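# Observations on the three-dimensional arrangement
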Amino acid sequence: ASAESLIRAYLYPNIILPETNPEQLIKEIAKSLIFYNLYSYKYRNSFVPNEIIARKVDALRLLDSISKGKINLSGAALPKSIRSNLSLQQKYFSLDNLEEFRDSRE
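Residues numbered from 1 in each chain as written. Predicted model: local features only at pLDDT ≥ 70, side-chain atom pairs only at ≥ 80, totals over all residues. Heavy atoms only, no water.

## Some details on the overall build of the chain
What counts, and what does not: Strands are runs of DSSP state E lasting at least 2 residues, helices are runs of H or I lasting at least 4, and numbering of each runs from the N terminus. Relative accessibility under 20% of the residue-type maximum defines a buried residue, over 50% an exposed one, and the middle range a partly exposed one, all with a 1.4 Å probe and only protein chains included. Any two residues whose heavy atoms approach within 4.5 Å are treated as being in contact. Here the open area of atoms and residues is found with the Shrake-Rupley method and a 1.4 Å probe, where only the protein chains shown may cover a residue.
Looking only at helices and strands, the chain features four helices and zero strands. Each helix and strand of the chain, placed in order from N terminus to C terminus, yields the pattern α-α-α-α. Sorting the 106 residues of the chain into buried and exposed places 17% on the buried side. Within the chain, contacts between residues separated by at least 24 positions form 68% of all contacts whose residues are at least 6 apart in sequence. When the accessible surface of the chain is summed, it comes to about 9000 Å², and 54% of that surface belongs to carbon and sulfur atoms.

The structure is reproduced here in structure tokens:
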């Protein structure tokens, strides 16, 4: 995945990044992910250096912390509404309902 799509996927449900002038921390995270992608493409038949792997792992940890609200970004916005697929009512499915979702490869 590209650095931008990975960053947006981590942050999207909770944080919306500005289209221009992202925060410096996001730029550094993007650089680490881009370096990893370049190295993994260039050296796909050998090993990516440990330093590059460590940078990617650190970048993903930072993204996780940002998405959980442990780190705040000044230029980011919260979504206007929060959607949830959860309900207070428990749902039960009959065998007939589940048959509709049977894998066609069986």
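## Observations concerning the confidence of the model for the chain
The condition is simple: Summary of the metric used: pLDDT quantifies the predictor's per-residue confidence within the range 0 to 100.
Per-residue confidence for the chain averages 78 on the pLDDT scale, and 70% of its residues sit at or above 70. Looking over the chain, one finds the lowest element-wise mean pLDDT in helix α4 (residues 95-99), namely 66, and the highest in helix α3 (residues 50-67), namely 92.

## Topic: the packing of helix α2 (residues 24-42) against α3
Formally: Lines fitted to the C-alpha atoms define the axes, with helices restricted to the stretch that makes contact. Angles between their N-to-C directions range from 0 to 180 degrees. Here the word oblique covers every angle except those under 35 degrees (roughly parallel), over 145 (roughly antiparallel) and from 65 to 115 (roughly perpendicular). If you view the pair so one helix is near and one far, a crossing is left-handed when the near helix is turned anticlockwise from the far one by less than a right angle, and right-handed when it is turned clockwise. For this scheme, ten residues count as nonpolar: Ala, Val, Leu, Ile, Met, Phe, Trp, Tyr, Cys and Pro. Four count as charged, namely Asp, Glu, Lys and Arg, and the remainder, Gly too, count as polar.
At a minimum axis separation of 9 Å, α2 and α3 run at an interaxial angle of 140°. What the angle tells us is that α2 and α3 run oblique. Crossing geometry of α2 relative to α3 is assigned as left-handed. Between α2 and α3, the residues in contact are L25, I26, I29, K31, S32, L33, F35, Y36 and Y39 and I52, I53, R55, K56, A59, L60, L62, L63 and I66, respectively. When the residues that make up the contact of α2 with α3 are grouped by side-chain class, the tally is 14 nonpolar, one polar and three charged.

## Some details on the nonpolar core
For clarity, the cut-off: To define a nonpolar core, start from buried Ala, Val, Leu, Ile, Met, Phe, Trp, Tyr and Cys residues and group those joined through side-chain atoms within 4.5 Å.
I7, L11, L17, I26, I29, L33 and I66 are the most contacted members of the largest nonpolar core, which has 13 residues in total. Where this core is concerned, the elements lending two or more residues are α1 (3-11), α2 and α3. Counting residues per element, this core draws most heavily on α2, at four residues. Not counting residues within four places of it along the chain, the set of residues in contact with I7 comprises L17, I26, I29, A30, L33 and L63.

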